[in-house]
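Take a look at the letters that make up each chain.
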Amino acid sequence: MTLKLNFTGSTDVGLIASTNKDAYYIDPEGRFFIVADGNGGYEGGDVVSGIATQKIPAYLSEKWQSSRDSDKLLEFAFLTANEAILQEQQDNPELADMGTSVVVVIFRSRESPICANVGNCRLYRWRESQLEQITEDHTWVAKAIKAGDITPEEARVHSFRHLVLSCLGREEIASLKIQPVDLKVGDRLLLCSDGLTEELTDRNIADYLQQASTLEEAASSLIEAAKEKGGKDNITVVLVDLL
Ligand code: CA
């Protein structure tokens, strides 16, 4: 299939943090899109998201034309980035705890887009004014919601809400989830870090997407809105329209 995509991305340090531990990468040819969020509180948060947004694109670009299935391609891209992070940890003991959440969407020919994620960066699909979260967070609260122990409303203010259970930068990346994304013309994808979803509910996000007249305006209005609500964390958004 021939895909026509329109895309944009933006990141902001927010109002509290001194460094931006988020990173994003948009392939100039529109083949893949990545958002990474270096784990908060640790040394090297900006280093680790930087490695992920460098190594994953490098691997995908190198192997793009190979006969390998897209899910395998993504799996190996994540493993390659993970190896690089583990190596960096070994070389720099002060960075030993660094880890990063990552969400990636790839558009390879003759297939629906495929998403891979680990941690708490999210992929949403916006279709006919409805926003749907495609990825599942690998967090303590997401697990507790699933188990019926807390409600989504309680999760938004829970003291463990920042606890990420799986990320790149660990020997095991047990939660890596790779899935096809159902997408049709007119749909929009949103990849984001938790600095956005910490401040804005899904309803808020849908409203800002609805109000914006361009993709760039949508990205900047989401970031500004998250800052108006407190901007407590770094905020990153990547938007992709299927035209
Ligand atoms: Ca974050």
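Residues numbered from 1 in each chain as written. Predicted model: local features only at pLDDT ≥ 70, side-chain atom pairs only at ≥ 80, totals over all residues. Heavy atoms only, no water.

**A closer look at the nonpolar core**
As a reminder, the rule being used: Take the buried Ala, Val, Leu, Ile, Met, Phe, Trp, Tyr and Cys residues and link them wherever side-chain atoms come within 4.5 Å; each set so joined is a nonpolar core. Buried residues are those whose accessible area, probed at 1.4 Å on protein chains only, stays under 20% of the maximum for their type, while exposed residues exceed 50% and partly exposed ones sit between those limits. Numbered from the N terminus, helices here are DSSP runs of H or I no shorter than four residues, and strands are runs of E no shorter than two. Residue contacts follow a heavy-atom distance rule, with two residues in contact if any of their heavy atoms lie within 4.5 Å.
The biggest cluster of nonpolar side chains holds 27 residues, and the ones touching the most others in it are Ile-56, Leu-60, Phe-78, Val-102, Val-104, Ile-106 and Leu-168. Breaking this core down by element, the ones donating at least two residues are β3 (32-38), α1 (45-63), α2 (70-91), β4 (100-106) and β5 (114-118). Among the elements that take part in this core, α2 stands out by supplying seven residues, more than any other. Setting aside residues no more than four positions away along its own chain, Val-104 makes contact with Phe-33, Ile-34, Ile-56, Leu-60, Leu-74, Phe-78, Ile-114, Cys-115 and Ala-116.

**Thoughts on a nonpolar patch on the surface**
Keep this limit in mind: Only residues above 30% relative accessible area that lack a salt bridge enter a patch, with like-charged residues linked at up to 9 Å and the nonpolar side chains Val, Leu, Ile, Met, Phe, Trp and Tyr linked at up to 5 Å. Under the convention used here, a 1.4 Å probe and the Shrake-Rupley method define accessible areas, while residue burial counts only the protein chains that appear. Salt bridges are counted wherever a side-chain nitrogen of Lys or Arg sits within 4 Å of a carboxyl oxygen of Asp or Glu.
Taken together, Phe-160, Leu-163 and Leu-165 make up a surface patch of nonpolar side chains, about 270 Å² in accessible area. Within the fold, Leu-165 resides in the loop between α4 (152-157) and β8 (177-180).

**Describing the packing of aromatic side chains**
Going by this rule: Stacked, edge-to-face and tilted labels apply to pairs of Phe, Tyr and Trp rings (six-membered ring for Trp) whose centres lie within 6.5 Å, assigned for plane angles under 30 degrees, over 60, and everything in between, in that order.
A full pass over the atoms with the stated rule returns five aromatic pairs. Residues Phe-32 and Trp-64 carry aromatic rings whose centres are separated by 5.6 Å and whose planes lie at 50 degrees to one another, so their mutual orientation is tilted. With Phe-32 in strand β3 and Trp-64 in the loop between α1 and α2, this pair connects stretches of sequence that are 32 residues apart. Per residue, the accessibility class of Phe-32 equals that of Trp-64, and both read buried. Considering the side-chain rings of Trp-140 and Phe-160, the 5.0 Å spacing of their centres and the 90 degrees angle between planes classify their relative orientation as edge-to-face.

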